[in-house]
Amino acid sequence: MYSPSAIERVAVVGGGTIGASWAALFLSRGLQVTLTDPAPGAEAIVRERIAHAWENLPEILPHALTPQDLRFEADLERGLAGAQFVQENAPEREAFKIELFQRMDALLPPEVIIASSSSGLLMTRVQSACAHPERCLIGHPFNPPHLIPLVEVVGGERTSPAAMDAAMAFYKAIGKYAIRLHKEVPGHIANRLQAALWREATHLAAEGVASVADIDAAISQGPGLRWALFGPHMTFNLGGGEGGMNHFLDHLWEPMQKWWDDLGNPQLTDELRTLLVQGVNAEAQGRSIAELARERDQRLLALLAMKARPTAAPKPQIQHLAEIGRFELIIEGHVCELDYQREDKIMTITHTGVPPALGGRGIAAELTEFALKTARDNGWKVRPQCSYAAAYFKRHPEHADLLA
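As annotated in an unreviewed UniProt entry, the protein chain is Hydroxlacyl-CoA dehydrogenase from Bordetella trematum.

Draft legend 1. Looking closely at the sheet that holds strand β13 (residues 381–384). Spatially, five strands are ordered β9-β10-β11-β12-β13 in an open sheet, and the strand pairing comes out mixed. Two strands bound the open sheet, and with one partner strand each, they are β9 (319–321) and β13. In this sheet, neighbouring strand axes are inclined to one another by 25° on average, regardless of whether the strands run parallel or antiparallel. Both β9 and strand β10 (residues 326–331) contribute to a ladder of three bridges, which runs antiparallel. Bridging across to β10, His320 finds its partner in Phe327.

Draft legend 2. Spatial organisation of the domain arrangement of the protein chain. Here the domain parsing of the protein chain yields domain 1 (9–187), domain 2 (190–308) and domain 3 (319–402). Contacts between the two partners involve 17 residues from domain 1 and, on the opposite side, eleven residues from domain 2. Interface of domain 1 and domain 2: buried area, both sides summed, is about 1,100 Å²; carbon and sulfur atoms make up 62% of it. Of all residues in domain 1, Asn56, Phe142 and Leu147 bury the most surface against domain 2, accounting for 38% of the area lost on that side. The interface formed by domain 1 and domain 2 holds four residue pairs in polar contact (both at pLDDT 80 or more) in total. Residue composition of the side of domain 1 that touches domain 2, grouped by class: ten nonpolar, six polar and one charged.

Draft legend 3. Geometry of the pairing of strand β5 (residues 113–116). Neither face of β5 is left uncovered, since the one carrying Ile113 and Ala115 and the one carrying Ile114 and Ser116 both have all their residues buried. Relative to β5, strand β4 (residues 85–88) runs parallel, the two sharing four bridges. Looking at β5, one finds that Val86 is bridged to Ile114. The parallel pair β4 and β5 is bridged by helix α4 (residues 94–107), and the resulting crossover is right-handed. Both β5 and strand β6 (residues 136–141) contribute to a ladder of three bridges, which runs parallel. Residue pairing for β6: Ser116 is matched across the bridge by Ile138.

Draft legend 4. Geometry of the packing of helix α10 (residues 232–239) against helix α11 (residues 244–261). Where α10 meets α11, the closest approach of the two axes is 7 Å, and the angle between their N-to-C directions is 100°. Here α10 lies roughly perpendicular to α11, going by the angle between them. Judged by residue contacts, His233, Phe236, Asn237 and Gly239 of α10 engage Gly244, Met245, Phe248 and Met256 from α11. Of the residues contributing to the contact of α10 with α11, the split by class is four nonpolar, four polar and no charged.

Draft legend 5. Inspection of a nonpolar patch on the surface at higher detail. Together, Leu229, Phe230, Met234, Leu238, Leu303 and Met306 make up an exposed nonpolar region whose accessible area comes to about 520 Å². Within the residue set of the nonpolar patch, elements represented by two or more residues are α10 and α13 (289–308). Checked against the element boundaries, Met306 lands in helix α13.

Draft legend 6. Quick look at the nonpolar core. Judged by nonpolar contacts, the single largest core of 65 residues is most densely connected at Phe26, Phe170 and Tyr171. For this core, the domains that each give at least three residues are domain 1 (9–187) and domain 3 (319–402). Judged by nonpolar contacts, the second largest core, of 21 residues, contains Leu76, Leu80, Val86 and Met123.

Draft legend 7. Here's a closer look at the environment of Leu276. Take Leu276: it is sitting in helix α12 (residues 270–284). C-alpha of Leu276 to C-alpha of Ala205: the two residues are 71 residues apart in sequence and 7.8 Å apart in space. Ignoring sequence-local partners within four residues, the contact set of Leu276 consists of Trp198, Thr202, Ala205 and Val212.

Cut-offs used in this document
Residues numbered from 1 in each chain as written. Predicted model: local features only at pLDDT ≥ 70, side-chain atom pairs only at ≥ 80, totals over all residues. Heavy atoms only, no water. Pairing = 2+ DSSP bridges. Helix = DSSP H or I, 4+ residues; strand = E, 2+ residues; numbered from the N terminus. Axes fitted to C-alpha atoms, helices over the stretch in contact; angles between N-to-C directions. Domains from an automatic or database assignment. Contact = heavy atoms within 4.5 Å. Buried area = accessible area lost by both parts, 1.4 Å probe. Polar contact = N/O pair within 3.5 Å; in protein donor to acceptor, adjacent residues only side chain to side chain. Nonpolar A, V, L, I, M, F, W, Y, C, P; charged D, E, K, R; others polar. Buried < 20%, exposed > 50% of the residue type's maximum accessible area, 1.4 Å probe, protein only. Right-handed = clockwise from strand over helix to strand, strands pointing away. Parallel < 35°, antiparallel > 145°, perpendicular 65-115°, else oblique. Patch = residues over 30% accessible without salt bridge, like charges linked within 9 Å, V, L, I, M, F, W, Y side chains within 5 Å. Areas by Shrake-Rupley, 256 points an atom, 1.4 Å probe, with all protein chains shown as cover. Salt bridge = Lys/Arg side-chain N within 4 Å of Asp/Glu carboxyl O. Core = buried A, V, L, I, M, F, W, Y, C linked by side-chain atoms within 4.5 Å.

What follows is the structure in structure tokens.
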């Protein structure tokens, strides 16, 4: 298997929402990406999706490639040629994936990992027709992959430990939060947890306990805020006070068990379908799916930036080294910088540099914001010459007045 540092070329199979999001992330990490999808007109749709994702990336590393560097191939064999890692995102149909994995397995050298983004299928079945099943595994992201850090890595019965280790290392190297499952279960972990929650949310709506909007608010304005910081176990550990989980179990297990026993098991009737559709339409208050997605992504970016900030140690301060045209921030011994050249009252941003080990923390954005504040305070205009700064201005039109 390839080590993470040796992987330079990635093939993305399938150009839907997930595949395009993966492609944007890989490009932002400096990887050469070929995306293959046989659907008519797929290339134009894929490039539009990647361009949209690019505007919302929390971090674009200095050595990143650009959406224009994406190579598209409709033919699977040409799309896989030269790949050192494959991320598959085809339709969630078991028979289709078994046949697709068999084809990919026959086309690729045995040291190339084939990872599936499948949200719930078992790799043991997907890899069943492969000559080299040991390199096949699940690498399930959470949507959208270019923003949500989580990726669940799951092997099948014939997946090798070496492939699992290599996939975990690769995902971590590109800034993902990879978790390793010790056994296969349909839906993996995250989808099973959200399925359990949605089952009860749907039951409560069907029983008329509250409106769809208020049931959503019960999560987004309540425990969902805590879950973004700690998972359910640690949240209840905190709920036990100084006694922690032991105290929580002693005092709250009995009522919790009673609630579990009373949870519903709804069936999707025509009436329930209508109730759910009308409920979310009312909750959206006229906003389109695209508008809701933009709002979600912007709030996700803010949340990720907040979570990346250290809480225990004093926050490092950005230094303005005016004599050499640089804004510098030192974190955990790593130097992050934004370089510029200035003529008269024009600041030309030439470079942003963030080590890969610090990727995903919003540091390049922080440096850029500091530079723009400095320019504004001094009455300078700004010319974004490097790709990150140019992308930053596109994401933040409120700074358009600074453009030279």
